[in-house]
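# A structural walkthrough
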Amino acid sequence: MHDRHPESILHVDMDAFFASVEQRDDPSLRGLPVAVGAASGRGVVAAASYEARRFGVHSAMPMVQARRLCPDLVVVGHHFERYREVSRAVRAIFADVTPVVEPLSLDEAFLDVAGAVHLYGEPPVLGEWIRGRVRDELDLPCSVGVGPTKSVAKLLSGLAKPDGLLHWPAGEVVERLRPLDVSALWGAGPRTAERLRSFGLRTVGDVADADASVVQRIVGDVNGRQLHRLARGEDPRRVTPRQPARSVSAETTFDVDVDDPDELRRHVLRLAGSVGRRLRRQGIAGRTVTLKLRFDSFETVTRSTTRPTATDRTHDLVTAAGRLLADLRLERVRVRLVGVGVSNFGDGGGAEQLALVTDDVDTHRWGRVERVADRVAERFDGVDVSYAALLDDLAGEGPDPDLREEVAEDLRPQRPSPATRTTRTPHDP
Amino acid sequence: MKLRAERTEFADAVSWATRTVGARVTLPALSGVLLEAGEGKLVCRATDLEVAAEIAIPVQIDEPGRVLLPGRLLAQLVARFPDAPVELTGESDRVEISCGRATFHVRGMQAEDFPSLAGPAEDAPSGRLRADAFARMVSQVARAASTDEGRPVLTGVQVTAADGRITAAATDSYRLAVRSLDFEDAIEGSALVPARSLQEAAKAATEVGGSVTIILEEGQVSFLFGDRRLTTKLIEGSFPNYRALLPDAHETSVVVERAALAEALQRVAIVAMGQANTPVTLTFTDGSVELAATNQEMGDAAEAVPAEIEGDGLSIAFNPGFLLGGLEATGTDRVRIELRDGLKPAVLRPHQDDTEAATDDLTYLLMPMRVS
């Protein structure tokens, strides 16, 4: 074993990913303000090129508003399959550097290069090498942050954008963090930052100097402790490589057993949404959809159905799981747990069933709606785009449990939310 | 109600009507078969709200009436009746059924609860087909329909009647089957028929034989077999313009023994089974087609089958289940496979060496799998 390199963590983030891919594939778009999204009146920007961002256009913005800000905006449709392909190619480059890669989404990942340093050079050199390969082989820009912790690396990649690399030596991190605005801290969304400011904590240094208990009182126990640590440059989280998942599932155990079929259906809808989002974030798709129910007698039933092609669309999961639920024809049974899962990710050499282009476009439209909803949820802290059938639940129960689940993963790896748990079964070694 | 029926006819009638009665029903009345006696005949009806089955048989009626009896129970009873006339008497709450020395009392349901579904209009134009040819066409085409309820339009078979021919087309977006057939009596019109209902009609056509009469109406289509009728609701929505999907040219054409290819495919596919999305790759070279499948966990398999190849050799991968479906559908001893390249749709057709011999006008288009 080597001594741990003091700043071995890289955060690699593709610049304006979808828009850059579009500009790469269509040279006539280069240098122009480009927005990826539906051109129709009610569309939303899924990604904006840097030329467009100069006009204030950003993702999740209504297309109408984007056009108002930037009258020359060029709107192009999505090609999610291509983005996924490119994402795979980027990850293949990472794999040449280190096996310790933790993808966060299609366009960003953490790398721990501690093991590669003695072979190839210092982390900033490796970062530049990755940027060079992504540029040469894929003709795409990306930004890299190099630091001693995940949060610093992520912060730096953001500051390095576009098309740059930033590196802070471990010894200087604490001092360099101090003057930054509190919103620079990972986990401090707009609301949290606003709350901190209202208590006079404006910079990272202010948070670092405050007593941990004070920060905890302002933003809550767990989040407060976390922010206080991050402000002092402490972040013990390791880069955890994701094993290729064998299944992705989400389940809910009810506080009070549920016997209302409509309520059960709404839970299935919500869980399918959670699973779908996770699939899309990881860039994977499965063919088998499983529904799991546990009754008040503790008897557990699982039903599954296998589709001809893999899907990551919430709409498909809802259809399949809803049908499995309907087929059980439950009457007056009390259910204590419901779960939705997807498996059968199809590693048959990466083969893919091609489909005829039919004018039955409804299902494809769903896919696009979901991608944009994902972007909205990613961009706006605490905002989720969901099914209208869940609106009452959301109003009644506060934030969607899925959202908590994602926070749980990013900041509190040891503490899964009590309401919703997402399980991933890794490959056997 | 009081009537007397011949046992075989009554048993046939009950079994015809109850074909739509499933094990699980949403409304209790849908588990029933409605018996209506009047004007010298007994009409039996049942429905699952998608398909309605009806049959009329001649009976001796002493007292007209209407009862709704549990379908499966009635079907089980009459199937085991001795060979003697069947007598029904009583009203819905208690019907006495006797046959020979056996007597049963059956509690019926409220006849008013049975949904009233319109049959075809008296003056609706009707087309006629040979029943066996119709059944064959349906078995060739309906297999390509989707079972994904999320895409309702694709769970149907598009039936088009024009220029003296009936054309059936179905696609699940991975394959497309199209077949035409000459009418004996022609009509014009089109309908998007649920594949399951159409398969039910085909099954009936096989059982009854003779000819089948088709009546296309707004929102429904009826299939008549003498005194028997199936009426099914249509799927709303428009079927994709499949004509535009059919390739107009090919680079390579292959003629191969169907049974030999199907057997080799099934052997090779054993390796692919159990693994999601594992394709079987077909490589067409001089005088043979080589099939190969690889499964990371189980190993690999390969087999070659002689084939007549015109044009350049190429490799193409398919979902083995979809390819097998296509081979089964063609039905001839030899099949023709038309190809363009490894990522373009392949077309399977029936083939006869004798160009004079008639073949089914079937096109089975199959999308390949991309292997990376």
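Residues numbered from 1 in each chain as written. Chains lettered and ligands numbered in written order. Predicted model: local features only at pLDDT ≥ 70, side-chain atom pairs only at ≥ 80, totals over all residues. Heavy atoms only, no water.

Below, the discussion takes up the sheet that holds strand 3 (residues 45–48) of chain A. All names here are of chain A. With mixed pairing, three strands are arranged side by side in an open sheet as 3-2-4. Of all the strands in the sheet, the pair left with one neighbour each is strand 3 and strand 4 (74–76). Put simply, the sheet's adjacent strands are angled 30° from each other on average, direction ignored. Across three bridges, strand 2 (residues 34–37) lies against strand 4 in parallel orientation. Bridged to Val36 within strand 4 is Val76. (Pairing = 2+ DSSP bridges. Helix = DSSP H or I, 4+ residues; strand = E, 2+ residues; numbered from the N terminus. Axes fitted to C-alpha atoms, helices over the stretch in contact; angles between N-to-C directions.)

To continue, consider a nonpolar patch on the surface. On the surface, a cluster of nonpolar side chains totalling about 220 Å² of accessible area is made up of Leu27, Leu49 and Leu117 of chain B. Residue placement: Leu27 of chain B occurs in the loop between helix 1 (7–17) and strand 2 (32–38). (Patch = residues over 30% accessible without salt bridge, like charges linked within 9 Å, V, L, I, M, F, W, Y side chains within 5 Å. Areas by Shrake-Rupley, 256 points an atom, 1.4 Å probe, with all protein chains shown as cover. Salt bridge = Lys/Arg side-chain N within 4 Å of Asp/Glu carboxyl O.)

It is worth spelling out a negative patch on the surface at this point. All names here are of chain B. A cluster of acidic side chains, namely Asp62, Glu63, Glu91 and Asp93, defines a negative patch on the protein surface. Within the secondary structure, Glu63 sits in strand 5 (residues 60–63). You can call Glu63 partly exposed: its relative accessible area is 40%. (Lys, Arg positive; Asp, Glu negative; His and termini not counted. Charge placed at Lys NZ, Arg CZ, Asp CG, Glu CD. Buried < 20%, exposed > 50% of the residue type's maximum accessible area, 1.4 Å probe, protein only.)

Where strands meet in a sheet, backbone hydrogen bonds hold them as pairs that are either parallel or antiparallel. All names here are of chain B. With antiparallel pairing, five strands are arranged side by side in an open sheet as 5-1-7-8-9. The strands lining the two open edges of the sheet, one partner per strand, are strand 5 and strand 9 (102–106). If you compare each strand with its neighbour and ignore which way they point, the axes differ by 15° on average. Where strand 1 (residues 2–5) meets strand 5, three bridges bridge the pair, whose relative direction is antiparallel. For Arg4, the partnering residue across the bridge sits in strand 5 and is Gln60.

The description of two helices packed together rests on the angle between their axes and the distance between the axes. Residues and elements named next belong to chain A. Where helix 11 (residues 212–219) contacts helix 12 (residues 221–231), the axes come no closer than 7 Å and their chain directions differ by 135°. Here helix 11 is positioned oblique relative to helix 12, judged by the angle of their axes. Along this stretch, helix 11 crosses helix 12, giving a crossing that reads as right-handed. For the pair helix 11 and helix 12, contact is made by Ala212, Val215, Gln216 and Val219 and by Asp221, Asn223, Gly224, Arg225, Leu227 and His228, respectively. (Parallel < 35°, antiparallel > 145°, perpendicular 65-115°, else oblique. Left-handed = near helix turned anticlockwise from the far one by under 90°. Contact = heavy atoms within 4.5 Å.)

Turning our eyes to something else, we now look at the environment of Val78 of chain B. Residue and element names in this part refer to chain B. With respect to the helices, strands and loops of the structure, Val78 is situated in helix 2 (residues 71–79). For Val78 and Ser15, which are 63 residues apart along the polypeptide, the C-alpha to C-alpha distance reads 8.9 Å. In contact with Val78, other than residues within four places in its own chain, are Arg7, Phe10, Ala11 and Val14.

This paragraph deals with the pattern of salt bridges. In this structure the tally under the stated criterion is 48 salt bridges over all chains. Between Arg133 of chain A and Asp96 of chain A there is a salt bridge, with its nearest N and O atoms 2.7 Å apart. Of this pair, Arg133 of chain A sits in helix 6 (residues 123–138) while Asp96 of chain A is found in helix 4 (residues 80–97), placing the two residues 37 residues apart along the sequence. For Arg133 of chain A, a relative accessible area of 18% corresponds to the buried category. A salt bridge links Lys150 of chain A to Glu102 of chain A; the nearest nitrogen and oxygen atoms lie 2.9 Å apart. Taken together, the positions of Lys150 of chain A in helix 7 (residues 150–160) and Glu102 of chain A in strand 5 (residues 101–105) put the pair 48 residues apart, joining distant regions of the chain. Just as Lys150 of chain A is buried, Glu102 of chain A falls in that class too. Taken together, the shared-partner salt bridges connect Glu36, Arg45, Glu54, Arg66 and Arg229 of chain B into one network.

It is worth spelling out the pairing of strand 5 of chain A at this point. For a regular strand, the rule is simple: side chains alternate between the two faces of the sheet. All names here are of chain A. Extensive coverage of strand 5 is indicated by the burial of five of its five residues. Pairing analysis gives four bridges linking strand 5 to strand 6 (residues 108–112), with the strands arranged antiparallel. Each residue of the ladder has a partner; that of Val101, found in strand 6, is Leu111. Connecting the antiparallel pair strand 5 and strand 6 is a turn made up of two residues.

Of all residues except glycine, most have a negative phi; of all peptide bonds, most are trans. Along the chain, Lys161 of chain A connects to Pro162 of chain A via a cis peptide bond; the corresponding omega equals -10°. Within the fold, Pro162 of chain A resides in the loop between helix 7 and strand 8 (165–167). The residue Asp139 of chain A is not glycine, and still its phi comes out positive at about 60°. Residue placement: Asp139 of chain A occurs in the loop between helix 6 and strand 7 (142–147). Positive phi values are uncommon outside glycine, yet Ser173 of chain B reaches one of about 80°. On the basis of relative accessible area, Ser173 of chain B is assigned to the buried category, the value being 2%.

Detail in the predicted coordinates should be disregarded across regions flagged by low pLDDT. With 97% of its residues at a pLDDT of at least 70, chain B reaches an overall mean of 90. Per the prediction output, this complex has pTM 0.61; the corresponding ipTM is 0.79. (pLDDT = per-residue confidence, 0-100.)

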